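Topology and contacts: notes
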Amino acid sequence: MIDIGVNLTSTQFAKDRKLVVKRAREAGITGMLITGTSALESQQAYHLATQHPGYCWSTAGVHPHHASEWSDDAAVTLRRLAEKPEVVAIGECGLDFNRNFSEPEQQAYAFNAQLALAAELQLPVFLHCRDAHTRFISVLEPWLPQLPAAVLHCFTGNRDELLHCLELGLSVGITGWVCDERRGLELRELMPLIPADRLLLETDAPWLLPRDMRPRPVSRRNEPCFLPHIVQQVALLRGENAAELADKTADNARRLFGL
């Protein structure tokens, strides 16, 4: 099992990051990607990855929430990080019109700039889209022929959006959202539609703790060690063997990110 989305730089992990990684290993997680969401956190993600060689890797990007922080200096930082072997993708980048912490035009500008960087450096992109599908695709699609790979992390869209993304060749990351009996019902129905070679799994820890976990962690904090629960739920929804699904999605991650 490989967890392709862990926000290990979060302050929620400040007191026990090494234990979080230790628990992940003990739970059978064979690797994880630490998500970069700003220039600063991308540097932090890289340094954390270097502490666990061959087990942790990182991404370098500016999340749409931080798009207003995009600058020439940020671009230089991402470019420098992208030269490191531990950095395997550009992102988390994309559009988020659900909260609009940055203005939509700022988001689109930063997203386009990161796609250009990924195309130039021939790195995969780690994508974010929430309530912005049409604009997201309009920015992304022209770059797709120039990109080696792209994964839409933490997919929570509808059937039409999923089919559109698959038609364009994107891989899809699924989180514990699929375990949410309130918000995840539509997503559950979509699980069989994702081709086996385009499915990736992630916790997005410390966020999106699976709501159907029993017993629930006292801290209510998600961790990579809970990925097996997500694997079990997705396998059930797809009518597949959980162990085989874990192996297949791990193979997909290794191929897509060159791990």
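All of these numbers come straight from a predicted model, not from anything done at the bench.

As for helix 2 (residues 39-50)
In an α-helix, one turn spans 3.6 residues, which is why side chains three or four residues apart end up on the same side. Across its twelve residues, helix 2 extends 17 Å between first and last C-alpha, which sits within 8% of the 16 Å expected from 1.5 Å per residue. By the burial criterion, the buried members of helix 2 are Ala39, Ser42, Ala45, Tyr46, Leu48 and Ala49. Contacts made by the buried residues of helix 2 are with helix 1 (17-26), strand 2 (31-34), strand 3 (56-60), helix 3 (72-82) and strand 4 (87-96).

Concerning the packing of aromatic side chains
Tallied over the entire structure, the rule returns one aromatic pair. For the ring pair Phe111 and Phe136, a centre distance of 5.4 Å and an interplane angle of 10 degrees mean the geometry is stacked. Here the residue Phe111 occupies a position in helix 4 (residues 104-121), and Phe136 occupies one in helix 5 (residues 133-140), the gap between them amounting to 25 residues. Residue class for Phe111 comes out buried when judged on its relative accessible area of 1%. Classification of Phe136 as buried rests on a relative accessible area of 0%. The cationic tip of Arg183 hangs over the ring face of Trp177; the distance from NZ or CZ to the ring centre is 4.0 Å.

What about the pattern of salt bridges?
Under the criterion given, the structure shown has 13 salt bridges. Between Arg182 and Asp180 there is a salt bridge; the shortest N-O distance is 3.7 Å. The class for Asp180 is buried, based on a relative accessible area of 3%. Ionic pairing is found between Glu223 and Arg221, a salt bridge with its closest N-O pair at 2.7 Å. Residue classification places Glu223 among the buried positions, given a relative accessible area of 6%. Classification of Arg221 by relative accessible area gives buried; the value is 10%. In the salt-bridge network here, residues are joined through shared partners; they are Asp180, Glu181, Arg182, Arg183 and Arg211.

What about the nonpolar core?
Grouped together as the largest cluster of nonpolar side chains are 77 residues, with contacts concentrated most on Leu127 and Ile174. Among the elements that line this core, the one with the most residues is helix 4, at seven residues. Core analysis: the second largest hydrophobic core is formed by 14 residues, Trp57, Ala89, Ala250 and Phe257 among them.

Concerning unusual backbone geometry
Put simply, Gly91 and Glu92 share a cis peptide bond, and its omega is 25 degrees. With respect to the helices and strands, Glu92 occurs in strand 4. Each neighbour pair has its own omega, and for Ala205 with Pro206 the value is 10 degrees, a cis peptide bond. For Pro206, the location among the structural elements is in the loop between strand 8 (199-201) and helix 8 (227-238). Positive phi values are uncommon outside glycine, yet Gln122 reaches one of about 55 degrees. On the secondary structure map, Gln122 appears in the loop between helix 4 and strand 5 (125-130). For Arg220, which is not glycine, the phi torsion reads 60 degrees and is therefore positive. Examined against the element boundaries, Arg220 turns out to sit in the loop between strand 8 and helix 8. Accessibility expressed as a relative area gives 54% for Arg220, which makes it exposed.

Focus on helix 5
Residues His133, Phe136, Ile137, Val139 and Leu140 constitute the buried set of helix 5. Buried residues in helix 5, looked at end-on, bunch into an arc of 165 degrees, giving them a common side. Along its buried surface, helix 5 packs onto strand 4, helix 4, strand 5, strand 6 (150-152) and helix 6 (159-167).

Conventions used here
- Residues numbered from 1 in each chain as written.
- Predicted model: local features only at pLDDT ≥ 70, side-chain atom pairs only at ≥ 80, totals over all residues.
- Heavy atoms only, no water.
- Helix = DSSP H or I, 4+ residues; strand = E, 2+ residues; numbered from the N terminus.
- Expected span 1.5 Å × (residues − 1).
- Buried < 20%, exposed > 50% of the residue type's maximum accessible area, 1.4 Å probe, protein only.
- Contact = heavy atoms within 4.5 Å.
- Phe/Tyr/Trp six-rings, centres within 6.5 Å; stacked < 30°, edge-to-face > 60°.
- Lys NZ or Arg CZ within 6 Å of the ring centre and 35° of its normal.
- Salt bridge = Lys/Arg side-chain N within 4 Å of Asp/Glu carboxyl O.
- Core = buried A, V, L, I, M, F, W, Y, C linked by side-chain atoms within 4.5 Å.
- Arc of directions from axis to C-beta.

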